[in-house]
Amino acid sequence: MYCNSGLSKSPAGKEGVHAGKKLITRVLERIYPLHDEVVAVKFVERGYYQKVARELEEGSRILEVGCGTGRFIQTVTEKCYGIGLDISDKLLRIAKERLEEHPFDCVLGTATALPFRSNSFKAVVTFTMMHHLTDQEKVTALKEIARVSPTYLFGEVGKNACWSAVLLKIIGSKKLIRKEIIERAGLKVREWHDMGGFCLIFGRAERT
Ligand SMILES: C[S@@+](CC[C@H](N)C(=O)[O-])C[C@H]1O[C@@H](n2cnc3c(N)ncnc32)[C@H](O)[C@@H]1O
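Analysis parameters
Residues numbered from 1 in each chain as written. Predicted model: local features only at pLDDT ≥ 70, side-chain atom pairs only at ≥ 80, totals over all residues. Buried ≥ 20, exposed ≤ 12 C-beta atoms within 10 Å, placed from the backbone. Helix = DSSP H or I, 4+ residues; strand = E, 2+ residues; numbered from the N terminus. Arc of directions from axis to C-beta. Contact = placed C-beta atoms within 7 Å. Pairing = 2+ DSSP bridges. Axes fitted to C-alpha atoms, helices over the stretch in contact; angles between N-to-C directions.

Looking at an unreviewed UniProt entry, one finds the chain named Methyltransferase type 11 and attributed to Ignicoccus hospitalis.

Okay, here's the thing in C-alpha cells:
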C-alpha cells in the first residue's frame, strides 16, 4: 500500500491521517459500491474522467489526490504513471487491486500534508475531492498541490448539478470549490468550465 519511491516523510503521519478522516469519507467507505456503480459509471459514460485525462501529457508522472477506489486513474493507465493518494485505507485497498497491473502506486495520506518532494509530478488531479474539505483545508491542500506540481487539473461538484442538490444539503454549498480559494493558494486559474445537467466544474490552474 505504501510506495517508497519519491516519498518524503508525511508530516501528518498515520495517526494524523486517521484523525483527519471525516464522516463523509466514512460514509463513502460504506457505500463505495454505489459510488462506483452510479457516480463513477456516469462519469465514464459522460466522458467526465476522459475530459480531465485528455489534458494530461503522454508519459507524464501524475498524482491523483483523493483517488478513492481508483476509477479515474483507470482511465489514464495507458497514458501516464504515478500515484493515487487517499485518506481512506479501505478505498485504497480496492484501488490497489484495480490498479495491480498498472504503473500506479497507492499511498495513504491526506491532501493537506502531501508526503512527496517538491516538484515530483508533472500534474496533480483531484476529482470530486475538494468538497470534502473546509475552505482553510482547501487552501492548505492547494498550496501542497502547487508545491509538488506546476499544474493542477480538477473535476468538482458544481452548483447546478441536478444530483448535487441532495449532496449540497449534506455538505452545504460553502464547501464548493471557488476560483478565489484556488487563487488564495497561489495558483492562477487558466480554465473554468461549469457544465449543465449532471454537472461538474472542470478546471485547470497553474503555479504563478
Ligand atoms: C467522491 S470520492 C472521489 C473518488 C475518486 N476521485 C473518483 O472520482 O472516483 C472523494 C474521495 O476523496 C477522499 N478524501 C476525502 N478527504 C481527503 C483528504 N483530506 N485527503 C485525501 N483524500 C481525501 C475520500 O476518501 C474519497 O475517496
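### With respect to helix α5 (residues 89-98)
Where α5 is concerned, the buried positions are Leu91, Leu92, Ala95 and Arg98. Down the axis of α5, the smallest arc covering the buried residues is 115°, so these residues share one side. Tucked into the core, α5 has its buried residues touching α2 (23-45), α4 (71-74), β2 (81-86) and β3 (104-108).

### What about the sheet that holds strand β1 (residues 61-65)?
The strand order β3-β2-β1-β4-β5-β7-β6 describes an open sheet built from seven strands, whose pairing is mixed. Looking at which strands have only one partner, the edges of the open sheet turn out to be β3 and β6 (187-194). Taking the axes of each pair of neighbouring strands and ignoring which way they run, one obtains an average angle of 20° across the sheet. Note: β2 against β3, five bridges, orientation parallel. Within the sheet, the bridge partner assigned to Asp86 lies in β3 and is Leu108. Lying over the sheet, α5 contacts β2 and β3, oriented at roughly 170° with respect to β3.

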